[in-house]
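This is what each chain is made of:
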Amino acid sequence: MDRKTFIKRNLYLGGMAVVTPSLLMAQQSTPQEELFDYDLIQEFVFAAHKSLEETQRILKKYPLLLNSTSQFKKGDFETAVGGASHMGRKDIVDYLVGRGARLDIFNYAFLGYDDFIKKMLTDYPHLLNSYGPHGFTLLHHAQVGERKELADWLQSKGLTEKIFKEVFS
């Protein structure tokens with residue numbers, strides 16, 4: 001094979017490698033404008049509380065569920081990574097974060113990003129008493145993440161509650 005034929009063939013094959021995934025994505029059977037069913041979101045978020053295998057199964061079938069949010073009570077929103085965090089499921093959190101899950105301050109407390117939490121609370125002290133899903137606090141997340149130093153620091157700043165029960169009652 002001469003050089004000119006080699007270059008033409010590889011340009012053609014390279015172009016097909018770029019175009020083919022786009023063509024496959026364009027032929028999805030479900031339009032992007034449709035919303036996920038509430039029950040499917042609930043199933044995914046609940047799975048992330050307790051089962052890595054079930055979380056993986058659902059996310060493999062519905063990858064766009066990754067950052068979906070469920071609302072359990074009026075204003076009580078939770079993502080799969082949020083549920084896994086407050087249940088102490090680092091294996092599930094790691095899996096979801098590895099796929100691009102969005103994190104919030106509660107997830108960072110669970111994962112032990114002490115410097116980040118301390119900086120945020122120094123800059124925005126009112127966040128000390130913020131509440132996550134179901135009213136769980138930063139202290140709860142630090143404790144289930146076994147982040148003793150962070151939990152001690154939060155308590156030294158005046159946070160003693162693990163859950164603000166009255167928030168969603």
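None of the values given here were measured: they were computed from a predicted structure.

Regarding the packing of helix 3 (residues 52–61) against helix 5 (residues 90–98)
Piece 1. Look at helix 3 against helix 5: their axes get within 10 Å of each other, and the N-to-C directions meet at 20 degrees. Judged by the inter-axis angle, helix 3 sits roughly parallel to helix 5. Considering the relative orientation of helix 3 and helix 5, their crossing is right-handed. In this structure, helix 3 contributes Leu52, Thr55, Gln56 and Leu59 to the contact, and helix 5 contributes Asp91, Ile92, Tyr95 and Leu96.
Piece 2. Partitioning the contact of helix 3 with helix 5 into residue classes produces five nonpolar, two polar and one charged.

Points about the pattern of salt bridges
Piece 1. Counted according to the given criterion, the structure contains seven salt bridges.
Piece 2. In this structure, the salt-bridge partner of Glu54 is Arg57, at a minimum N-O distance of 2.5 Å. With a gap of three residues between them, Glu54 and Arg57 both fall in helix 3, about one helical turn apart.
Piece 3. On the basis of relative accessibility, which here comes to 43%, the residue Arg57 falls in the partly exposed class.
Piece 4. Linking Lys118 and Glu149 is a salt bridge whose minimum nitrogen-to-oxygen distance equals 3.5 Å.

Analysis parameters
- Residues numbered from 1 in each chain as written.
- Predicted model: local features only at pLDDT ≥ 70, side-chain atom pairs only at ≥ 80, totals over all residues.
- Heavy atoms only, no water.
- Axes fitted to C-alpha atoms, helices over the stretch in contact; angles between N-to-C directions.
- Helix = DSSP H or I, 4+ residues; strand = E, 2+ residues; numbered from the N terminus.
- Parallel < 35°, antiparallel > 145°, perpendicular 65-115°, else oblique.
- Left-handed = near helix turned anticlockwise from the far one by under 90°.
- Contact = heavy atoms within 4.5 Å.
- Nonpolar A, V, L, I, M, F, W, Y, C, P; charged D, E, K, R; others polar.
- Salt bridge = Lys/Arg side-chain N within 4 Å of Asp/Glu carboxyl O.
- Buried < 20%, exposed > 50% of the residue type's maximum accessible area, 1.4 Å probe, protein only.

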